[in-house]
Amino acid sequence: MLRTLRSIFVIAISMHLLTGCILINGPTEYANETNAPSINYLPIGIPFVLGGHGSSVPLTEDLSLTAKHVAKLDYSTVVAYHPSCDVAIIKEDNRNKRLAPLGRVSANDNVKTYGIGFSGKAIVGEGKYYLDVNFVDSSLFANCPASIMDSPIQSGMSGGGTFNEKGELVGIISGMSGSSFKLLDGRELGNERTSVFVSTLHIKDWIADSIESYYGLDMDTLIADVPSLTDDFFTNTTPTFNPHP
């Protein structure tokens with residue numbers, strides 16, 4: 001089922017990008033590597049000392065998704081930057097990695113966040129997805145819907161994945177903000193914490209165009225050959241997000 005997208009603006013927000021400094025907004029635990037989705041480690045500067053690190057999510061055997069602010073700092077070869085969202089596609093050797101299929105999430109669905117923790121191992125947080133907003137005072141999300149969840153994240157998980165209950169990749173982790181922000185109509189979400197991801201659903205056309213350009217193949221051929229590129233994700237109609245002041 002397609003999730004309901006809501007046209008909402010948010011004020012009084014302070015975004016923190018999860019690289020370089022130590023930030024934690026809730027409890028996480030080590031992921032069970034036997035059934036967890038594959039997450040890659042992206043060093044930035046001197047890991048754990050000066051620059052920290054980020055994460056990425058395998059998309060095909062050759063390409064991964066990560067946060068744009070991570071891709072600009074790490075040593076990966078960038079295939080494409082999204083023009084308005086905090087997402088990039090980079091080259092990585094993902095042979096023998098578990099490629100999670102792309103999927104959808106609806107309001108109040110349970111989600112899990114996966115990324116690389118301080119130890120260099122994959123960690124996971126659990127929570128739920130709330131809604132999509134525009135942060136009017138954020139350069140990252142003024143023109144890109146920010147998907148709000150309360151699943152915990154920490155430094156190093158930026159560029160990692162948000163997954164639905166089916167284990168499908170539904171977004172790329174971007175950062176965290178204060179939990180007490182209000183919507184412009186005065187409502188509070190009541191969430192214990194605020195973690196932010198970029199929905200893969202909002203950027204699916206860009207993902208398709210970037211992959212087609214890289215491989216020189218049309219999407220129908222790629223869908224038939226790459227399990228993570230599901231026909232259901234790319235062929236269903238995407239709801240339009242129309243924010244208004």
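Residues numbered from 1 in each chain as written. Predicted model: local features only at pLDDT ≥ 70, side-chain atom pairs only at ≥ 80, totals over all residues. Heavy atoms only, no water.

Some points on the state of the cysteines
Here's step 1: Taken as a whole, this structure holds one disulfide when the rule is applied.
Here's step 2: Put simply, Cys85 and Cys144 are joined by a disulfide, and their sulfur atoms are 1.9 Å apart. Residues Cys85 and Cys144 share a disulfide whose torsion about the S-S bond is about 100°; that sign makes it right-handed. Of the two residues, Cys85 is situated in the loop between β7 (78–81) and β8 (88–91) and Cys144 in the loop between β10 (122–135) and β11 (146–149); the sequence distance between them amounts to 59 residues.
Here's step 3: Relative accessible area serves as the criterion here: at 4%, Cys85 is assigned to the buried category. (Disulfide = S-S within 2.5 Å. Helix = DSSP H or I, 4+ residues; strand = E, 2+ residues; numbered from the N terminus. Buried < 20%, exposed > 50% of the residue type's maximum accessible area, 1.4 Å probe, protein only.)

Examining helix α2 (residues 204–215)
Here's step 1: With twelve residues, α2 extends 16 Å from end C-alpha to end C-alpha; this agrees with the ideal 16 Å at 1.5 Å per step.
Here's step 2: Lys204, Trp206, Ile207, Ala208, Ser210 and Ile211 are the residues of α2 that are buried.
Here's step 3: On its buried face, α2 sits against β6 (63–66), β7, β8, α3 (219–225) and α4 (231–235).
Here's step 4: In the stretch just after α2, Gly216 is the one whose phi turns positive, near 70°. (Expected span 1.5 Å × (residues − 1). Contact = heavy atoms within 4.5 Å.)

Regarding the pairing of strand β15 (residues 194–199)
Here's step 1: Within β15, six of the six residues are buried, leaving the element largely enclosed by the surrounding structure.
Here's step 2: Alignment of β11 against β15, held across three bridges, turns out to be antiparallel. Residue pairing for β15: Ser147 is matched across the bridge by Phe197.
Here's step 3: Examined bridge by bridge, strand β13 (residues 169–177) and β15 share six bridges and lie antiparallel to one another. Paired with Ser177 across the bridge in β15 is Thr194. (Pairing = 2+ DSSP bridges.)

A closer look at the pattern of salt bridges
Here's step 1: This structure, assessed with the given rule, holds three salt bridges.
Here's step 2: The partner of Arg95 in a salt bridge is Asp93, and the shortest N-O contact between them spans 2.7 Å.
Here's step 3: Between Asp232 and Arg104 there is a salt bridge, with its nearest N and O atoms 3.6 Å apart. Pair noted here: Asp232 is in helix α4 and Arg104 is in the loop between β8 and β9 (110–116), with a separation of 128 residues, a long-range link.
Here's step 4: A relative accessible area of 46% means that Asp232 is categorised as partly exposed.
Here's step 5: Judged by its relative accessible area of 10%, Arg104 is buried. (Salt bridge = Lys/Arg side-chain N within 4 Å of Asp/Glu carboxyl O.)

Things to note about the confidence of the model for the protein chain
Here's step 1: Per-residue pLDDT for the protein chain averages 84, and the proportion of residues at 70 or more is 82%.
Here's step 2: Every residue in residues 1–13 is under pLDDT 50, and counting partners more than four places away or in other chains gives 61 contacts.
Here's step 3: Across residues 239–245 the pLDDT falls below 50, and counting only partners more than four positions away or on other chains, this stretch makes 20 contacts in the model. (pLDDT = per-residue confidence, 0-100.)

Details of the sheet that holds strand β5 (residues 53–58)
Here's step 1: Strand order across the open sheet formed by five strands is β4-β5-β6-β8-β7, with antiparallel pairing between neighbours. Only two strands of the sheet have a single partner each, and these edge strands are β4 (40–43) and β7. Taking each pair of neighbouring strands and ignoring which way they run, the sheet shows an average axis angle of 30°.
Here's step 2: As paired strands, β4 and β5 are joined by four bridges and run antiparallel to one another. (Axes fitted to C-alpha atoms, helices over the stretch in contact; angles between N-to-C directions.)

Details of the environment of His202
Here's step 1: Here His202 is to be found in the loop between β15 and α2.
Here's step 2: For His202, a relative accessible area of 22% puts it in the partly exposed group.
Here's step 3: Remark: the alpha-carbon pair of His202 and Gly171, spanning 31 residues in sequence, is separated by 9.2 Å.
Here's step 4: Within the structure, His202 has its side chain in polar contact with the side chain of Asp132 (distance 3.2 Å). (Polar contact = N/O pair within 3.5 Å; in protein donor to acceptor, adjacent residues only side chain to side chain.)

A few points about the packing of aromatic side chains
Between two aromatic rings, the relevant description is the distance of the centres plus the angle of the planes.
Here's step 1: Tallied over the full model, the rule gives four aromatic pairs.
Here's step 2: Stacked on the ring of Tyr81, the Lys or Arg Lys72 has its end atom at 5.8 Å from the ring centre. (Phe/Tyr/Trp six-rings, centres within 6.5 Å; stacked < 30°, edge-to-face > 60°. Lys NZ or Arg CZ within 6 Å of the ring centre and 35° of its normal.)

So, the nonpolar core
Here's step 1: Membership of the largest hydrophobic core comes to 44 residues, with the highest contact counts inside it found for Leu65, Trp206, Ile207, Leu229 and Phe234.
Here's step 2: Ranked by residue count, the leading element in this core is β10, at six residues.
Here's step 3: Not counting residues within four places of it along the chain, the set of residues in contact with Phe234 comprises Leu102, Lys204, Ile207, Ala208, Met219, Ile223 and Leu229.
Here's step 4: Ranked by size, the runner-up nonpolar core spans eleven residues in total, among them Met149, Met157, Val170 and Ile173. (Core = buried A, V, L, I, M, F, W, Y, C linked by side-chain atoms within 4.5 Å.)

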